[in-house]
Amino acid sequence: MVLRREPTARQVRLGAELRRLREAAGLTAIEAAALLGANRVQITQIESGLSGVSEQRVRRLASHYACTDEKFTDALVAMATDRTRGWWEEYRGLLPTSFLDLSELEHHARFQRHVAILYVPGLLQTEDYSRSVFSARLPELTSEELELRIRHRRARQQFTTPYEAVIHEAALRIRVSDRATSRAQLTRLCELSKADHITVRVIPFDLDGFARASSTMTYLGGPLPKLDTVVRDALHGTAFIDSEAQLDTYRTSFRKVEDASLDPGQSRELMHRLAKEL
């Protein structure tokens, strides 16, 4: 089988889950390979996402690893056999790989949650707002790179899965461009917050408990909780977090963020008031 030059985050995740099952079973890569009639290198390539794996092999490995969770095994099989060539593939080689990985994860997500402190979440941004944010990047983007990012972001915004965003008032007040851009963005947020699949909550400056919401994050729900993913932007690039302990921490963090926010109706009223002030 031809090795992948650049496995996607989802392919890497499949390999990581198979490795976790093997390690939980107390088996070495050599022992796992013997169960498949393969060699240690092949197991390593599968667990790193560099090589694909068939449904039969996933089920055999899960059985040998004493995995009794049939739904989890079925979810791994679905990841292994998925041949979806999504809309994001047209950007491969044109945008950073992390952009495509995020798009793929969003496509397969059962729900999304976002905590925003300084900027309106990308999935809710107007084109002018996005342009201003991308234009401020260092090193500066070329006009072609800028337009690619904006077009890619617009495509990501065509989602229909449940989405909940908790946005701090700071992000709503910071002018990434001019008054007109900020006003249009707030108006757009008010409109989007009325959609059946979108919930927008705001943490106002005068509400206690801000320390609970001091960190931006994106939480993507998988087919099962143990296959959820948290996405964090860092100076070194985008990080995809998937360990069960960390996921549980972020779930708790999001619940606390919700507790520190206004309800959707109050949030819409605040956004409307801020737009009128502009």
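Quick caveat: nothing in here was measured; it's all calculated off a predicted structure.

Strand order in the open sheet made by the six strands is β3-β2-β1-β4-β5-β6, with mixed pairing throughout. The open sheet is flanked by β3 (198-203) and β6 (237-241), the only strands paired with a single partner. Looking at each pair of strands side by side, their axes are set apart by 15 degrees on average, direction ignored. As judged from the five bridges shared by strand β1 (residues 111-116) and strand β4 (residues 217-221), these two strands associate in the antiparallel manner.

Moving on: the pairing of strand β2 (residues 163-168). Most of β2 is tucked away, with six of its six residues classed as buried. In β2, alternate side chains face the same way, and those of Tyr163, Ala165 and Ile167 on one face and Glu164, Val166 and His168 on the other are all buried. Bridge analysis of β1 against β2 gives five bridges, and the strand direction is parallel. When the sheet's bridge partners are listed, histidine 114 is paired in β2 with alanine 165. Alignment of β2 against β3, held across six bridges, turns out to be parallel. Within β3, the position partnered with glutamate 164 by the bridge is threonine 199.

Note that the residue after leucine 138, namely proline 139, is joined by a cis bond; omega there is -5 degrees. For alanine 66, which is not a glycine, the phi torsion comes out positive at approximately 60 degrees. As for its position among the elements, alanine 66 is in the loop between α4 (55-64) and α5 (70-81).

Applying the stated criterion across every chain, the model contains 22 salt bridges. Notably, a salt bridge pairs arginine 13 with aspartate 242, separated by 3.6 Å at the nearest N-O pair. Of this pair, arginine 13 sits in helix α1 (residues 9-24) while aspartate 242 sits in the loop between β6 and α11 (244-259), and the two are 229 residues apart along the sequence. No difference in accessibility class separates arginine 13 from aspartate 242, as the two residues are buried. For arginine 22, the salt bridge is made with glutamate 47, and the minimal N-O distance between the two is 2.7 Å. Here glutamate 47 lies in helix α3 (residues 40-47) and arginine 22 lies in helix α1, a separation of 25 residues in the sequence. Through salt bridges that share partners, Arg13, Glu17, Arg20 and Asp242 make up one connected network.

What counts as what
- Residues numbered from 1 in each chain as written.
- Predicted model: local features only at pLDDT ≥ 70, side-chain atom pairs only at ≥ 80, totals over all residues.
- Heavy atoms only, no water.
- Pairing = 2+ DSSP bridges.
- Helix = DSSP H or I, 4+ residues; strand = E, 2+ residues; numbered from the N terminus.
- Axes fitted to C-alpha atoms, helices over the stretch in contact; angles between N-to-C directions.
- Buried < 20%, exposed > 50% of the residue type's maximum accessible area, 1.4 Å probe, protein only.
- Salt bridge = Lys/Arg side-chain N within 4 Å of Asp/Glu carboxyl O.

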